[in-house]
Every structure is written in structure tokens, then in C-alpha cells.
Amino acid sequence: MGIVVVEVCDGNLITELDIESIIESEYPEVAVLMNECLSFCGMCAVRPYAIVNGSRVFGKTPEEALEKIRTKIEEELAFYAE
């Protein structure tokens, strides 16, 4: 099984959810890193997003972003399971 890293800017709209607890409780093999800044200036205030193993994942709402993050995590875990 591989390792998946989810990076979140702590100024991001997705932090309306407790993203760290949600993801880490559902996926023990996933690490959520909260950062001060991910260097995508202005994006944090516009759309909820996270970076999953280097790929940006966006949503219109925090809930939609969370669902897309889950999907990306599943894809990454499937890749490492092969």
C-alpha cells in the first residue's frame, strides 16, 4: 500500500470542514498536512481545494471538494495497490 499526502492551506475555504480529522479517520494511510501557504496566491479565498500527491483538487463548495479529494485518494491508493 502506498502513501498519500493531502496538503491544505490553512487560509483555504475547505478549512470550514475539519478536513484533517475527516480524511485521517477514513484513510489511516493518508497524511494531511496543514500549511500556512501553498503558494497559489488568491486561490484559497476563491475556491476550496487541496493538493493530493501533487495534483490540485478543486470544488465549488467545501463538501464538493472533500468528495473530489476522496475520489483522488481512492485513485492513488488503487495505483499503489497494484
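Residues numbered from 1 in each chain as written. Predicted model: local features only at pLDDT ≥ 70, side-chain atom pairs only at ≥ 80, totals over all residues. Heavy atoms only, no water.

## Let's talk about the environment of A50
At step 1: Residue placement: A50 occurs in strand β3 (residues 49-52).
At step 2: Owing to a relative accessible area of 0%, A50 belongs among the buried residues under this scheme.
At step 3: Residues contacting A50, with those up to four places away along its chain left out, are V6, E7, V8, S55, R56, V57 and I69. (Helix = DSSP H or I, 4+ residues; strand = E, 2+ residues; numbered from the N terminus. Buried < 20%, exposed > 50% of the residue type's maximum accessible area, 1.4 Å probe, protein only. Contact = heavy atoms within 4.5 Å.)

## Looking at unusual backbone geometry
At step 1: Located in the positive-phi region is N53, a residue other than glycine, with phi close to 45 degrees.
At step 2: Relative to the helices and strands, N53 resides in the loop between β3 and β4 (55-58).

## Regarding the pairing of strand β1 (residues 4-9)
At step 1: Relative to strand β2 (residues 30-35), β1 runs parallel, the two being bridged by six bridges. Within β2, the position partnered with V6 by the bridge is V32.
At step 2: Handedness of the crossover is the feature at issue here: the chain leaves β1, passes through helix α1 (residues 19-26), returns alongside β2, and the resulting connection is right-handed.
At step 3: Inspection of the sheet shows β1 paired to β3 by two bridges, in the antiparallel sense. Counterpart to E7 in the pairing with β3 is I51. (Pairing = 2+ DSSP bridges. Right-handed = clockwise from strand over helix to strand, strands pointing away.)

## Thoughts on the confidence of the model for the chain
At step 1: Per-residue confidence for the chain averages 88 on the pLDDT scale, and 93% of its residues sit at or above 70.
At step 2: By mean pLDDT, the top-scoring element of the chain is α1 (94), and the lowest-scoring one is helix α2 (residues 43-46) (74). (pLDDT = per-residue confidence, 0-100.)

## Overview of the pairing of β4
At step 1: For β3 and β4, the ladder comprises four bridges, and the chain directions are antiparallel. Bridge pairing in β4 links Y49 to F58.
At step 2: Linking β3 back to β4 in an antiparallel pair, the connection comprises two residues, with N53 at a positive phi of about 45 degrees.

## What about the environment of K68?
At step 1: By the element assignment, K68 lies in helix α3 (residues 62-81).
At step 2: Here the alpha-carbon distance between K68 and L38, two residues 30 residues apart in the chain, equals 19 Å.
At step 3: Sequence-distant contacts of K68, that is, excluding residues within four places in its chain, are made with V57 and F58.

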